[in-house]
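Chain and residue survey
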Amino acid sequence: MEVRESRRAHRRLGFFFLVAALVSIAAVDASVHDYFNEAFTSRSNAFFFHGGSEGLRAPRSAIPPSSSTSPNITTGPKGKSFIRFDDVTFIRTKESADAQAEMQENSGSVEAIILDIKDRKRIGGAYLKSDMICCTPQMSEEKACKLGQVIIQRNPDNPEWPRRITTSFAGRHQETKMDSVEVEIDKTGMYYLYFMFCDPHLKGTIIKGRTVWRNPSGYLPGKMAPLMVVFGLMSLAYLVLGLIWFLKFVQHWKDVIQLHYHITAVIALGMCESALWYFEYSNLNSTGRRPMGITMWAVTFTAVKKTLSRLLLLVVSMGYGVVRPTLGGITSRVLLLGGAYLVASESYELVEHLGNINDFSGKTALFLVLPVTFLDACFILWIFSSLSKTLEQLQMKRNMAKLELYRKFTNSLAVSVLLSIAWIGFELYFNATDPLSELWQVYWIIPTFWAILAYSLLAVICILWAPSRNPTRYAYLEENEDVEEGISLTSGSKATGDSVAKLGEDLEEEKRE
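Residues numbered from 1 in each chain as written. Predicted model: local features only at pLDDT ≥ 70, side-chain atom pairs only at ≥ 80, totals over all residues. Heavy atoms only, no water.

1. A word on the pairing of strand β4 (residues 82-91)
- Within β4, nine of the ten residues are buried, which leaves it mostly tucked inside the rest of the structure.
- Inspection of the sheet shows β4 paired to strand β8 (residues 182-184) by three bridges, in the antiparallel sense. Paired with Phe 82 across the two strands is Glu 184, which belongs to β8.
- In the sheet, β4 pairs with strand β10 (residues 206-214) via eight bridges, with the strands oriented antiparallel. Residue pairing in the sheet places Ile 83 in a bridge with Trp 213 of β10.
- As judged from the three bridges shared by β4 and strand β7 (residues 175-177), these two strands associate in the antiparallel manner. Its bridge partner being in β7, Thr 89 is matched across the sheet by Lys 177. (Buried < 20%, exposed > 50% of the residue type's maximum accessible area, 1.4 Å probe, protein only. Helix = DSSP H or I, 4+ residues; strand = E, 2+ residues; numbered from the N terminus. Pairing = 2+ DSSP bridges.)

This is the structure we're talking about:
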């Protein structure tokens, strides 16, 4: 019966992952923002569509604009920041097109507005003390703006910005294609792109095509660029930890317990995860396209590693292999929690990494992060509850060596939880005070902290439960549990016959008393 239920659960998980993957892959990739017949949204007296937002850095050196045709995605000029419009097409309704004169040269316009987020107040009539976005007849009469256009107050320090690119419909044509324009970025900032129109007769217009965004060092968005270096360093850190653990594992392979294999699996997953993310970012940065195979594997390794890491902390806290040989009847509950976390984590990672690459955080992932947060809280409560019971059990049995071991583990875990709570508070404050991602250049420290914290906890477990010639200091012993009291946690050699005999004499004296 249990086997059938397990098979059904696996089928459900597999089906869920397949659906989530298909939904996510249908979204946009890399710094190529694709538009698939997207609709415009009404706001004030304008209609707009958000075409993307990314942190872009100023070029390292001034490069004169090329007079040749626009480069394709994989052969863009190095050291140059730009936003390029490729095959951007606007399609209006047939009713809107038929209402125009056949020979009319301009029968409606759509504007592409590019701005640094610091200049956001220069779009619309705020400086004219108006809530309007498009120029009204009264404003036009006062020569404050041009009728039918989005109101833009030019930046006196850079008169060309915010940038406006206008594309017009001709006659009764339903479609109009935007010129393949490449806008160079010469100032570091968080840039937003909006497509807007003011003519109410164009209501129902849709957009298709794509825009390509590039930084001087490659196609990685500004927020993501430092993470390539972070994952490169993390892969090296896991490699060093793995080598040290492997040497200890081989040196004392006869004394290895089941828990050591679980630790080895988590180290290997961490190493593969970091390496895959590094290669994924490197490939994306150089080509502008996500390598879907590597990305899918990286996402999966991340979800599996996070799940196994939490399960490892849980079973260690329960005293698995130390004060109890098996988990007994609670095995199914542990696996159920782990399976739920794997599904939630995989879903969140898929949407987070295979969705539209914008440096402006959307609300899509917010819904999926809630179950992950809830399950993390369940893990924390269960871990500390289990630790409390394990410490109490060891104290009752007077297993001082194991008690000392678990106290060190408890202290390390408590410090990590306190740091996590403090960092979550900082992250909430960071996001609340920076809703428009103006601090995109320092965003990389948030995911980096979690990566370092997870690595540090794993390193602590490796140190405390490292294979040695004295496995009795942490291994479960069905008989003579009290013998381990005389073995030091830091001892690297076997207890001699004299020390064991002396320990036996001390125990006999205690019994007589």
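Don't stop here, the text continues.
2. Structural notes on the side chain of Lys 306
- In this structure, Lys 306 sits in helix α6 (residues 292-317).
- Ignoring sequence-local partners within four residues, the contact set of Lys 306 consists of Tyr 341, Ser 345 and Glu 349. (Contact = heavy atoms within 4.5 Å.)

3. Digging into the sheet that holds strand β3 (residues 46-56)
- Spatial ordering of the open sheet is given by β2-β3-β9-β5-β6, a layout of five strands whose pairing is antiparallel. Either end of the sheet is taken by a strand with one partner, and the two such strands are β2 (41-43) and β6 (163-168). When strand polarity is set aside, the average angle formed by the axes of neighbouring strands in this sheet is 30 degrees.
- Strand direction decides the pairing type here: strand β5 (residues 109-116) and strand β9 (residues 189-197), joined by six bridges, are antiparallel. Note that in β9 the partner of Ile 113 across the bridge is Tyr 194. (Axes fitted to C-alpha atoms, helices over the stretch in contact; angles between N-to-C directions.)

4. A look at unusual backbone geometry
- Going from Trp 161 to Pro 162, the amide bond is cis rather than trans, its omega being -5 degrees.
- Mapped onto the secondary structure, Pro 162 falls in the loop between α3 (137-141) and β6.
- A positive phi is found at Asn 37, a non-glycine position, where the angle reads about 50 degrees.
- Mapping Asn 37 onto the fold places it in strand β1 (residues 32-39).
- The phi dihedral of Ser 437 falls on the positive side, at around 60 degrees, and the residue is not glycine.
- When you line up the elements, Ser 437 lands in the loop between α9 (400-433) and α10 (445-464).
- On the basis of relative accessibility, which here comes to 5%, the residue Ser 437 falls in the buried class.

5. Some words on empty space enclosed by the protein
- Counting across every chain of the model gives one cavity of 30 Å³ or more.
- Considering only enclosed or pocket space, the largest cavity measures out at about 90 Å³ in volume.
- Along the walls of the largest cavity sit Asp 116, Asp 119, Asn 155, Asn 158, Trp 161, Asp 186, Lys 187 and Tyr 191, which together make up its complete lining.
- Grouping the amino acids of the lining of the largest cavity by side-chain chemistry returns two nonpolar, two polar and four charged. (1 Å grid on protein atoms, 1.4 Å probe; cavity = no way out; pocket = protein on both sides within 12 Å on 5 of 7 lines; lining within 4 Å. Points joined across faces, edges and corners; volume = space filled by probe spheres on them. Nonpolar A, V, L, I, M, F, W, Y, C, P; charged D, E, K, R; others polar.)

6. Describing the confidence of the model for the chain
- Confidence in the prediction for the chain averages 79 pLDDT; 78% of positions are at 70 or higher.
- Mean pLDDT per element in the chain: helix α1 (residues 2-25) is the minimum at 40, and β4 is the maximum at 94.
- Under a pLDDT of 50 for its full length, residues 1-30 has, in the predicted model, 35 contacts with residues more than four places off or in other chains.
- Confidence drops under pLDDT 50 across residues 62-77; counting only partners more than four residues distant or on other chains, this segment forms 27 contacts. (pLDDT = per-residue confidence, 0-100.)

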